Amino acid sequence: MMAILQCSNLEKTFGYKKALSGVNLSFEKGRIVGLLGPNGSGKSTFIKLCNGLITPTNGTIIIDGKAPGIETKAIVSYLPEQTYLNDWMKVSDIFNFFDDFYADFDIARAREMLSSLGIGEKERLKTLSKGTKEKVQLILVMARQAKLYLLDEPIGGVDPAARDYILSTIIKNYNQDATVVISTHLISDIERVLDDVVFLKNGEVVLLSTVDDIREGKGKSVDALFREVFKC
Amino acid sequence: MLGKLLKYEFKATGRVFLPMFGALLIISVINRLFSNLNFKIPSIIGKIISIILIVGIFALTLIITIQRFSKNLLGSEGYLMFTLPVRSDSLIWSKLITATVWNIVSMIVVLTAITIMALSDISIKFIFKSISEVLRFLNIRGGDIPLLGLETVIAIVLSLFAFILMLYACLALSMLVNKRRGLCAFAVFVIINVISQIITSLAATTGVLRGLYEYVAGLPIPRMFHAIFVIVFIIELIECVIFYVLTRFMLTRKLNLE
Amino acid sequence: MNWSFQPDRPIYVQLIERIKLLIVSGAYPAGSRLPSVRDMASEASVNPNTLQKALSELEREGLVYTQRTSGRFVTEDENMIKQVKKELAIEQIELVTKKLIEMGFSKEEMLALIESRIKEMK
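A quick note: this is a predicted structure, and the numbers were derived from the prediction, not measured.

Caption draft 1: Focus on the overall build of chain B. Counting its secondary structure elements, chain B contains nine helices and zero strands. In chain B, which comprises 258 residues, the proportion classed as buried is 24%. Taking as baseline every contact in chain B between residues at least 6 positions apart, the subset at least 24 positions apart corresponds to 80%.

Caption draft 2: Summary view of the sheet that holds strand E3 (residues 32–36) of chain A. Residue and element names in this part refer to chain A. Strand order in the open sheet formed by six strands is E5-E6-E7-E3-E8-E9, and the pairing between neighbours is mixed. A strand with exactly one partner marks an edge of an open sheet, and here the two such strands are strand E5 (76–79) and strand E9 (204–210). Neighbour-to-neighbour, the strand axes of this sheet turn through a mean angle of 15°, independent of strand direction. Sheet topology places E3 next to strand E7 (residues 179–184); five bridges connect them, and they run parallel. Counterpart to Val33 in the pairing with E7 is Val181.

Caption draft 3: Just the pairing of strand E6 (residues 148–152) of chain A, in detail. All names here are of chain A. With five of five residues buried, E6 is to be regarded as a mostly interior element. Burial along E6 is two-sided: Leu148, Leu150 and Asp152 and Tyr149 and Leu151, pointing in opposite directions, are all buried. Note: E5 against E6, four bridges, orientation parallel. Counted as the bridge partner of Tyr78 is Leu150 from E6. The β-α-β motif built from E6, the intervening helix H6 (residues 160–172) and the parallel element E7 has right-handed crossover chirality.

Caption draft 4: Summary view of the environment of Leu53(A). Along the chain, Leu53(A) falls in the loop between helix H1 (43–50) and strand E4 (58–63). Residues within four places of Leu53(A) in sequence aside, it is in contact with Lys48(A), Phe82(B), Thr83(B), Leu255(B) and Leu257(B).

Caption draft 5: Representation of the sheet that holds strand E1 (residues 5–14) of chain A in the model. Residues and elements named next belong to chain A. Read from one edge of the open sheet, three strands run E2-E1-E4, paired in antiparallel fashion. Each edge of the open sheet is held by one strand with a lone partner, namely strand E2 (17–27) and E4. In this sheet, neighbouring strand axes are inclined to one another by 25° on average, regardless of whether the strands run parallel or antiparallel. Relative to E2, E1 runs antiparallel, the two being bridged by seven bridges. Note that in E2 the partner of Phe14 across the bridge is Lys17.

Caption draft 6: Representation of the interface of chain C and chain A within the structure. Listed per partner, the contact involves 15 residues of chain C and 18 residues of chain A. The leading source of residues in the side of chain C that touches chain A is helix H2 (residues 37–44) of chain C, at three residues.

Caption draft 7: Local environment of helix H3 (residues 91–101) of chain A. For H3(A), the full list of buried residues reads Val91(A), Ile94(A), Phe95(A), Phe97(A), Phe98(A) and Phe101(A). Burial along H3(A) is one-sided: seen end-on, the buried residues are contained in an arc of 155°.

Caption draft 8: Layout of the domain arrangement of chain B. Residues and elements named next belong to chain B. One can read the domain layout of chain B as domain 1 (1–119) and domain 2 (133–258). Each of domain 1 and domain 2 has a C-alpha centre, and the two are 23 Å apart. Within the residue set of the side of domain 1 that touches domain 2, elements represented by two or more residues are helix H2 (40–74), helix H3 (78–81) and helix H4 (88–118). The greatest single-element share of the side of domain 1 that touches domain 2, amounting to seven residues, is contributed by H4. Along the lines of polarity and charge, the residues of the side of domain 1 that touches domain 2 split into eight nonpolar, eight polar and one charged.

Caption draft 9: A look at the arrangement of the chains. The structure contains two pairs of chains in contact, of which chains A and C account for the largest number of contacts. Contact between chain B and chain C is absent, and the minimum C-alpha spacing across the pair is 28 Å.

Caption draft 10: Fine view of the nonpolar core. In this structure, Leu148(A), Leu150(A), Leu165(B) and Tyr168(B) are the most contacted members of the largest nonpolar core, which totals 130 residues. Tallying contributions element by element places helix H6 (residues 145–173) of chain B first for this core, with 12 residues. By size, the runner-up hydrophobic cluster in this structure holds eight residues, among which are Ile27(B), Leu53(B), Val109(B) and Val110(B).

Caption draft 11: Highlighting the packing of H4(B) against H6(B). Residues and elements named next belong to chain B. Here H4 crosses H6 at 125°, and the two axes come no closer than 10 Å. Compared by their axis directions, H4 and H6 come out oblique. Here H4 runs over H6; the crossing is right-handed. For the pair formed by H4 and H6, the contact residues are Ile92, Leu96, Ala99, Thr100 and Asn103 on the first element and Val157, Leu160, Phe161, Ile164, Leu165 and Tyr168 on the second. Per-class residue counts for the contact of H4 with H6 are nine nonpolar, two polar and no charged.

Caption draft 12: Molecular detail of the interface of chain A and chain B. Contact residues are listed per partner, giving 17 residues for chain A and 17 residues for chain B. Looking at the side of chain A that touches chain B, the elements with two or more residues in it are helix H2 (70–73) and H3 of chain A. Counting residues per element, the side of chain A that touches chain B draws most heavily on H3(A), at three residues. Taken together, the residues of the side of chain A that touches chain B sort by class into 10 nonpolar, five polar and two charged.

Caption draft 13: The arrangement of unusual backbone geometry in detail. Residues and elements named next belong to chain A. The phi angle at Glu153 is positive, at roughly 50°, despite the residue not being glycine. Positionally, Glu153 belongs in the loop between E6 and H6. A positive phi angle, near 50°, is found at Asn202, a position not held by glycine. With respect to the secondary-structure elements, Asn202 resides in the loop between strand E8 (196–201) and E9. By the C-beta count within 10 Å, which is 14 here, Asn202 ends up partly exposed.

Caption draft 14: The arrangement of H2(B) in detail. Residues and elements named next belong to chain B. For H2, spanning 35 residues, the distance from its first C-alpha to its last is 49 Å, which sits close to the expected 51 Å at 1.5 Å a residue. The principal kink in H2, of about 30°, is found at Gln67. Restricting attention to buried positions, one finds in H2 the residues Gly46, Ser50, Leu53, Ile57, Thr61, Thr65, Phe69, Ser70, Asn72, Leu73 and Leu74. Residues of H2 that are buried make contact with helix H1 (2–37), H3, H4 and H6.

Caption draft 15: Spotlight on the packing of H6(B) against helix H9 (residues 221–253) of chain B. Residues and elements named next belong to chain B. Two elements in contact, H6 and H9, have axes separated by 8 Å at closest approach and are oriented at 25°. Comparing their axes, H9 and H6 come out roughly parallel. Here H6 runs over H9; the crossing is left-handed. Residues belonging to the contact of H6 with H9 are distributed by class as follows: 23 nonpolar, three polar and three charged.

The rules behind each value
- Residues numbered from 1 in each chain as written.
- Chains lettered and ligands numbered in written order.
- Predicted model: local features only at pLDDT ≥ 70, side-chain atom pairs only at ≥ 80, totals over all residues.
- Helix = DSSP H or I, 4+ residues; strand = E, 2+ residues; numbered from the N terminus.
- Buried ≥ 20, exposed ≤ 12 C-beta atoms within 10 Å, placed from the backbone.
- Contact = placed C-beta atoms within 7 Å.
- Pairing = 2+ DSSP bridges.
- Axes fitted to C-alpha atoms, helices over the stretch in contact; angles between N-to-C directions.
- Right-handed = clockwise from strand over helix to strand, strands pointing away.
- Arc of directions from axis to C-beta.
- Domains from an automatic or database assignment.
- Nonpolar A, V, L, I, M, F, W, Y, C, P; charged D, E, K, R; others polar.
- Core = buried A, V, L, I, M, F, W, Y, C linked by C-beta atoms within 7 Å.
- Parallel < 35°, antiparallel > 145°, perpendicular 65-115°, else oblique.
- Left-handed = near helix turned anticlockwise from the far one by under 90°.
- Expected span 1.5 Å × (residues − 1).
- Bend = angle between axes of the 7 residues up to and from the residue.

Below is the structure:
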């Protein structure tokens, strides 16, 4: 079974700072993976390397058999931490934009999700509240039938109801041919949705395991283990 | 993909330019009416408004050229644009083409507005007479005009490309710093201009190009103009290439979004 | 809607318990069709693979079965369900009695206490 994402000896340095070093990971299809670590541990850097926003200093990263580029961007759906929506479009415009550029965008599904949230298609992005913009962005990302979903801190700074909605959307959208990578430092909310977890500390992988192995093997939740490993 | 990018680029910018153009053209027609009907005071007010609009259009063109690059590519929208399945080259070209088109269109619109307001039978005849006198003085025949006209258009387009790409390079290079990027871009702009001044002065004073100058000056008139145009093309092309390469390098290998 | 889980045991194990509870209590009656894995996972807010693991285990035990085209169903075997119900009840009783013994109650005291509590109920 080919891994959708494979990186070997991945390294990224910014000036003097080593953001990532010696990262060897392999993510299989149909898994929901948690990329866990405190702020500054390299999670965002890793995700940006995956979606081609930055290039490695050393090592390789292979997505669906190719290095990050146009072809991988077509199968990777990325939800950044901040909103990337412009302010002149209406919701329907950004839907058409995604439909235009991404062959795997399911516009019908997007509209369905939008109406279930009570957001109108004719609303201008400029007038939406921050929370609503984030939901629109989530819809754009999840309405794509991508092979790899990269969600960078999807539930940080979001109210509990929205958090539930986001997790429920991730679960409902699950399909066996796709992989979801969720980077977060809020573990207790998300643990039950994950198959596998990766602990990142100071740019290095310090743990790679399934959630079940941690609970069975160590008799504690991932959240509890995390607190131990990253004790200040 | 470039086509799609162009479509959205024009959509995003058209909504700002077209109303301004429309307003200017309408005001010009109104002004023309005022002057034909001899309404003195409204005519003056109308002229002031049209001057403001004309200046506004030029300012807007520059601002939007810069903003479409800095905001859409280097700001938070960049997270969307650079994860689209398109090449960075396409992103640069879509902005460059759109900005050039709007620059040319605004020049045409402003000229049209001025023509509507100021042109009369007498002035048309005068302009034609002056132009044909100049051409005759310069020994340019009717047959030379199409080629010279084409060369002028190419020169305008190339110099717009070079200028806009220079702006893009300044903005792209400002990604080297994390804060005060506007200041950094301006600093780069100043540095680039200083360097090009130095290069120009050196070329002029050290006689490096003396041979070329004498050859060109010795040509008969239409050919001399053609030669000058070719030299201008080469210079602009070199600038275009340098700034394009700089911009592209920054966007592909040194991308540093906020 | 929010199924809560204990942090120190695997989730699929707790899912097995929870689904058994729903079956024996009649929330998922005998012979009834279970929601799809995706719907159930979404409602429980758990990973679909984890839920799948739990359901596979329940299938192995015979409590649920899959019909290829129509989905997953609770067994029609009422006796098996009664048996599971009994097993779950015994588990709970074991927990309670163990706790009471820890507190120092004798067998007679435990029995009397439980009987009086049940009489006071309803």
